[in-house]
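# Chain and residue survey
Here is what each chain is made of, one letter per residue.
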Amino acid sequence: MPRVSRAEAERHRQEVIDHTARLIREQGSDQVSVPRAMAAAGLTHGGFYRHFASKDDLVAQALTAAFTERREAMDRLADDPAPGAPAPQHPSPRAEFLARYLSTLHRDNPGQGCAAAAQAADAARAEPGSPLRSAFTAGLRDLADGFQHLPDAAERESALADLSTMVGALLLARASEDPALSDELLAAARHRLTAPTGPAGPA
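Residues numbered from 1 in each chain as written. Predicted model: local features only at pLDDT ≥ 70, side-chain atom pairs only at ≥ 80, totals over all residues. Heavy atoms only, no water.

## Some remarks on the nonpolar core
The following threshold applies: We define a nonpolar core as any set of buried Ala, Val, Leu, Ile, Met, Phe, Trp, Tyr and Cys residues linked to one another through side-chain atoms lying within 4.5 Å. Burial classes: relative accessible area under 20% of the type maximum marks a residue as buried, over 50% as exposed, and values in between as partly exposed (1.4 Å probe, protein chains only). Put simply, DSSP marks the helices as runs of H or I at least four residues long and the strands as runs of E at least two long, and each gets a number from the N terminus on. In this description, contact between two residues means that some pair of their heavy atoms is separated by no more than 4.5 Å.
Leu63, Phe97, Tyr101, Leu102, Phe147 and Met166 are the most contacted members of the largest nonpolar core, which totals 49 residues. Elements represented by at least two residues in this core include exactly helix 1 (6–27), helix 2 (34–40), helix 3 (55–79), helix 4 (93–101), helix 6 (115–125), helix 7 (131–148), helix 8 (156–175) and helix 9 (179–194). If you tally residues by element for this core, the top one is helix 3, at 9 residues. The residues contacting Phe97, other than those within four sequence positions of it, are Arg70, Met74, Leu77, Phe147, Leu150 and Met166.

## Focus: helix 9
The cut-off we apply is this: The span expected for a helix works out to 1.5 Å for each residue beyond the first. The arc refers to the directions leading from the helix axis to the C-beta atoms. Within 3.5 Å is the distance limit for a polar contact, defined as a pair of N or O atoms, with the added protein rule that one can donate a hydrogen and the other accept it, and that residues adjacent in sequence qualify only through two side-chain atoms.
For helix 9, spanning 16 residues, the distance from its first C-alpha to its last is 23 Å, which sits close to the expected 22 Å at 1.5 Å a residue. Burial in helix 9 covers these residues: Ser182, Leu186, Ala189 and Leu193. Looking straight down helix 9, one finds its buried side chains confined to an arc of 65 degrees; they lie on one side. For helix 9, exposure combined with an orientation more than 90 degrees from the buried face picks out Glu184 and His191. Turning to helix 9, the residues buried within the fold contact helix 4, helix 5 (104–108) and helix 8. Capping the start of helix 9, Asp178 holds a side-chain oxygen 3.0 Å from the backbone nitrogen of Ala180, two or three residues further along.

## Details of the side chain of Asp122
Topologically, Asp122 is positioned in helix 6. A polar side-chain atom of Asp122 sits 2.8 Å from a polar atom in the side chain of Arg125. Other than its neighbours up to four places away in sequence, Asp122 contacts Gly28, Ser29, Asp30 and Leu132.

## Some words on the packing of aromatic side chains
Defined as follows: In this analysis, rings of Phe, Tyr and Trp, with Trp reduced to its six-membered ring, are considered paired at centre separations within 6.5 Å, and the interplanar angle assigns stacked below 30 degrees, edge-to-face beyond 60, and tilted for intermediate values.
Inspection of every chain in the model, using the stated rule, returns 5 aromatic pairs. Aromatic side chains Phe97 and Tyr101 sit 5.9 Å apart centroid to centroid with 40 degrees between the ring planes, which places their arrangement in the tilted category. Placement of both Phe97 and Tyr101 in helix 4 is noted, with a separation of 4 residues, approximately one turn of the helix. Across this residue pair, the class does not change: Phe97 and Tyr101 are buried. An aromatic cluster is defined as three or more aromatic residues linked by ring pairs; in this entry it consists of Phe48, Tyr49 and Phe52.

## Some words on the confidence of the model for the protein
Put simply, the rule is: Summary of the metric used: pLDDT quantifies the predictor's per-residue confidence within the range 0 to 100.
Looking at the protein as a whole, the pLDDT averages 88, with 89% of positions reaching at least 70. Predicted confidence is poor over residues 198–203, with pLDDT under 50, and the contacts of this stretch with residues over four places away or in other chains come to 6 contacts.

## What about the side chain of Gln119?
If you trace the backbone, Gln119 turns up in helix 6. By relative accessible area, which is 0% here, Gln119 ends up buried. In this structure the side chain of Gln119 is engaged in a polar contact, spanning 3.0 Å, whose partner is the side chain of Asp122. If sequence neighbours within four positions are ignored, Gln119 has contacts with Ile24, Gly28, Ser29, Leu63, Leu132 and Phe136.

In structure tokens:
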């Protein structure tokens with residue numbers, strides 16, 4: 001068979017990472033085998049070890065890519081929260097981020113969603129120091145930093161509390177089989193986090 005160019009090999013590697021990032025958010029890292037990850041990218045299982053040291057290596061890289069995707073979306077919002085809208089109608093970057101995060105669209109599409117919500121349970125069960133847990137921790141730290149540094153965000157303690165609320169609400173909304181309750185959870189978290197009095201509510 002002809003040799004694959006370095007550029008094509010890198011493209012294949014990135015395709016495997018991207019597809020695996022989607023799969024682990026949809027199904028959990030334990031449910032994604034090496035053959036499934038390679039097949040999702042249209043590649044054969046036999047080429048896996050030319051790109052990755054192990055399945056753990058692939059999952060860690062895919063998780064990092066998923067967190068990076070969310071952070072880049074946050075940074076784009078900070079630069080231009082509502083492209084095309086007249087300036088007075090611009091929601092604040094924080095409010096816009098929360099509206100998108102705590103939406104039914106995000107709830108119903110975990111494969112393109114937040115890695116913190118999708119992989120929290122898997123990371124909690126992973127051994128300390130494992131590639132999965134280390135990648136999750138680094139990604140979560142980066143997500144918290146990005147949320148804190150949105151132009152209108154709160155101080156770090158409040159930002160971490162807000163992050164915990166929004167991730168927890170999304171997790172519970174996805175876990176509920178009652179559509180009405182699921183919608184209520186998202187709406188309640190949006191209201192609490194964007195109320196003028198702040199996350200703590202009125203005194």
